[in-house]
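Each chain, letter by letter, is given below.
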Amino acid sequence: MEIKELSNLIDYKKLGEKMLLVDAPKPNFKYVNGKKTEEIGAYTYVLVLEEFGYEKIEVKIEGNIPLIKPEVFLPKQSIPIKVKDLQSNPYIGKNDGKFYYNFKASSISLNK
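Now for a look at the structure at hand. All residue numbers refer to positions counted from 1 along the written sequence of the respective chain. Residue-level local features of this predicted model are given only where pLDDT is at least 70; pairs of side-chain atoms are given and counted only at 80 or more, and the full residue set underlies all totals for whole chains, interfaces and linings. Each side-chain value is derived from all of the structure's non-hydrogen atoms; neither hydrogens nor water enter the calculation.

Structural notes on the overall build of the protein chain
Logical step 1: Note on conventions: DSSP H or I runs of at least 4 residues are helices, E runs of at least 2 residues are strands, and numbering of each starts at the N terminus. When helices and strands are counted, the protein chain shows zero helices and eight strands.
Logical step 2: Element order for the protein chain, N to C, with α for helix and β for strand: β-β-β-β-β-β-β-β.
Logical step 3: Relative accessible area decides the class of each residue, using a 1.4 Å probe on protein chains only: under 20% of the type maximum gives buried, over 50% gives exposed, and in between gives partly exposed. Across the 112 residues in the protein chain, those meeting the buried criterion constitute 29%.
Logical step 4: Where accessible areas are quoted, they stem from the Shrake-Rupley method and a 1.4 Å probe; at the residue level, only the protein chains shown are allowed to cover. Roughly 8400 Å² of accessible area belongs to the protein chain as shown, and the carbon and sulfur atoms make up 51% of that amount.
Logical step 5: The charged-residue count follows a simple rule in which Lys and Arg add positive charge and Asp and Glu add negative charge, with His and chain termini not counted at all. Note that the charge is assigned to NZ on lysines, CZ on arginines, CG on aspartates and CD on glutamates. Of the charged side chains in the protein chain, 18 are positive and 15 negative, and the gap between their average positions amounts to 2 Å.

Topic: the pattern of salt bridges
Here the idea is simple: oppositely charged side chains can pair when their charged atoms come close.
Logical step 1: Salt bridges are identified by distance alone: a Lys or Arg side-chain nitrogen within 4 Å of an Asp or Glu carboxyl oxygen. What the rule picks out here adds up to two salt bridges.
Logical step 2: For Lys26, the salt bridge is made with Asp23, and the minimal N-O distance between the two is 2.4 Å.
Logical step 3: Under the relative-accessibility criterion, Asp23 is labelled partly exposed at 34%.
Logical step 4: The residue Glu39 makes a salt bridge to Lys30 at a minimum N-O spacing of 3.3 Å.

Considerations on the packing of aromatic side chains
What describes a pair of aromatic rings is the distance from one ring centre to the other and the angle between the planes of the rings.
Logical step 1: Paired rings are identified among Phe, Tyr and Trp, the last through its six-membered ring, by centres lying within 6.5 Å, and are further divided according to the angle between planes into stacked (under 30 degrees), edge-to-face (over 60) and tilted (the rest). Scanning the model with the defined rule gives three aromatic pairs in all.
Logical step 2: Measuring from centroid to centroid gives 5.3 Å for Phe99 and Tyr101, while their planes differ by 80 degrees, and the two rings are edge-to-face.
Logical step 3: Phe99 sits in the partly exposed class, given a relative accessible area of 46%.
Logical step 4: Tyr101 gets classed as partly exposed once you look at its relative accessible area, which sits at 35%.

Some remarks on the environment of Leu21
Logical step 1: As for its position among the elements, Leu21 is in strand 1 (residues 19-21).
Logical step 2: Through-space distance from the C-alpha of Leu21 to that of Gln77 is 8.6 Å; in sequence the pair is 56 residues apart.
Logical step 3: Note on contacts: a residue pair is in contact if any heavy atoms of the two residues lie within 4.5 Å. Ignoring any residue separated from it by four or fewer positions in sequence, one finds Leu21 in contact with Tyr45, Val46, Leu47, Ile68, Phe73, Gln77, Ser78, Ile79, Ile81 and Ile108.

In structure tokens form, the structure reads like this:
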């Protein structure tokens, strides 16, 4: 059976409301004709899902400026955040055949 919108089967509420940013955002550079450019196209944020067994996920957000500034981080500090419009795309790893997810969102902000 083919399921075209497999990502719609995921209940994102089960990931929990408490998400912690545990590292400064990392830039993702654009590629043109298979070659890396110096232009930033997105940032990746490493999150810990506090209510989902402290699992880590990486969330990619398009844009050339980080939505949370790297200077807000101190060593071994986690920051409560909110993610807007979280989505995922499942895939199977090439080397191990395991099931994985890529996550993306429209924005991320501090949870005050």
